[in-house]
Amino acid sequence: MRFTYCPDCGKKLITKPIGDEGNIPYCEDCQRPLFDMFSSCIIVLVTDGKGQVVLLNQNYISTKYFNLVSGYIKPKETAETTAYREVKEEVGLDLTSLQFVGTYWFDKKEQLMIGFIGKTDTKELTLSSEVDGAQWVDAKQALSMVHPKGSVSYALIEHLLNV
C-alpha cells in the first residue's frame, strides 16, 4: 500500500527523496516519511515426518488447488507464534517442531509469505470454519495437488522432498 495522505494528520503527502530509498511519500506537517506497507503472513507445510502432509480445501482461495495452512501475523506476534496458532486454529494440530524455510513475495496480494515446515505427531484433523476440508496425503502426490511450480506451496513441498 502506498500512502497518499498522512494517517496521523490527514494532509496530502508530497514526494521527497529519502537517502538510498529514493522518492518516498512524505508528510511536511509531521515531518516524517511514510514507507510503503504490505501484509506479512505465514504459510506452513504440516508433515508427520513420515512422508505425509496436510492439504486444505479452502474454496474462498481456490476451487482448483489445495492449500497449505496460512494466515496473517497479528500485532505483537512473531512469525513462529503465528505459525503455531494458525495450525492449531485451522486444522486442530499441535506442532512438535517448526523449521523456517524462507520468505516469498506473493505478488497477487502484495504479501510477504514466511514459509515453514511444521511437524506433528497427531493425525486427527479438527477443521475451523474457514477450512472446507483437509486431508493427509503423500508429499510426492501433493506436488500435483497444490498451485503449480513457482507457488509458495509447491516450493515448500519441494524443500521437504529435497527435489
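None of these values were measured; they are calculated from a predicted model. (Residues numbered from 1 in each chain as written. Predicted model: local features only at pLDDT ≥ 70, side-chain atom pairs only at ≥ 80, totals over all residues. Heavy atoms only, no water.)

A. Structural detail: the overall build of the chain. The secondary structure content of the chain amounts to three helices and nine strands. If you list the helices and strands of the chain from N to C, you get β-β-β-β-β-β-α-β-β-β-α-α. At 19 Å, the chain has a C-alpha radius of gyration far larger than the 15 Å of a compact globule built from 163 residues. Along the first, second and third principal axes, the C-alpha set of the chain runs to 60 × 30 × 30 Å. Each of the 163 residues in the chain was classed as buried or not, and the buried ones make up 41%. Put simply, of all contacts in the chain between residues at least 6 apart along the chain, 54% involve residues at least 24 apart. When the accessible surface of the chain is split by element, carbon and sulfur atoms take 50% of a total near 9400 Å². Averaging the positions of the 17 positive and the 21 negative side-chain charges in the chain gives two centres separated by 2 Å. (Helix = DSSP H or I, 4+ residues; strand = E, 2+ residues; numbered from the N terminus. Rg over C-alpha atoms; globule rule 2.2 N^0.38 Å. Buried < 20%, exposed > 50% of the residue type's maximum accessible area, 1.4 Å probe, protein only. Contact = heavy atoms within 4.5 Å. Areas by Shrake-Rupley, 256 points an atom, 1.4 Å probe, with all protein chains shown as cover. Lys, Arg positive; Asp, Glu negative; His and termini not counted. Charge placed at Lys NZ, Arg CZ, Asp CG, Glu CD.)

B. Seen up close, the sheet that holds strand β3 (residues 32–33). Taken in spatial order, the three strands make up an open sheet running β1-β2-β3, and their pairing is antiparallel. In the strand order of this sheet, the two ends are held by β1 (14–17) and β3, each with one partner. In terms of strand pairing, β1 meets strand β2 (residues 23–27) through four bridges, oriented antiparallel. Bridged to lysine 16 within β2 is isoleucine 24. (Pairing = 2+ DSSP bridges.)

C. Up close: the environment of glutamine 99. Assignment of secondary structure puts glutamine 99 in strand β7 (residues 97–106). We classify glutamine 99 as partly exposed; its relative accessible area is 41%. Separated by 49 residues in sequence, glutamine 99 and proline 148 place their C-alpha atoms 23 Å apart. Once residues lying within four places of it in the same chain are set aside, the contact partners of glutamine 99 are Gly115, Phe116, Ile117 and His159.

D. Fine view of the packing of aromatic side chains. Taken as a whole, this structure holds two aromatic pairs when the rule is applied. An angle of 85° between the planes, with centres 5.3 Å apart, marks the rings of phenylalanine 38 and tryptophan 105 as edge-to-face. Within this pair, whereas phenylalanine 38 is found in the loop between β3 and β4 (39–47), its partner tryptophan 105 is found in strand β7, the two being separated by 67 residues in sequence. The exposure class of phenylalanine 38 is partly exposed, given its relative accessible area of 44%. Since its relative accessible area comes to 45%, tryptophan 105 is described here as partly exposed. With a centroid separation of 6.0 Å and an interplanar angle of 70°, the aromatic rings of phenylalanine 100 and phenylalanine 116 are classed as edge-to-face. A residue pair is termed long-range when its members are at least 10 positions apart, and phenylalanine 100 in strand β7 and phenylalanine 116 in strand β8 (residues 111–119) qualify at 16 residues. Judged by relative accessible area, which is 1%, phenylalanine 116 ranks as buried. Lysine 16 extends its terminal NZ or CZ atom over the ring of tyrosine 26, reaching a point 4.2 Å from the ring centre. Stacked on the ring of tryptophan 136, the Lys or Arg lysine 123 has its end atom at 4.2 Å from the ring centre. (Phe/Tyr/Trp six-rings, centres within 6.5 Å; stacked < 30°, edge-to-face > 60°. Lys NZ or Arg CZ within 6 Å of the ring centre and 35° of its normal.)

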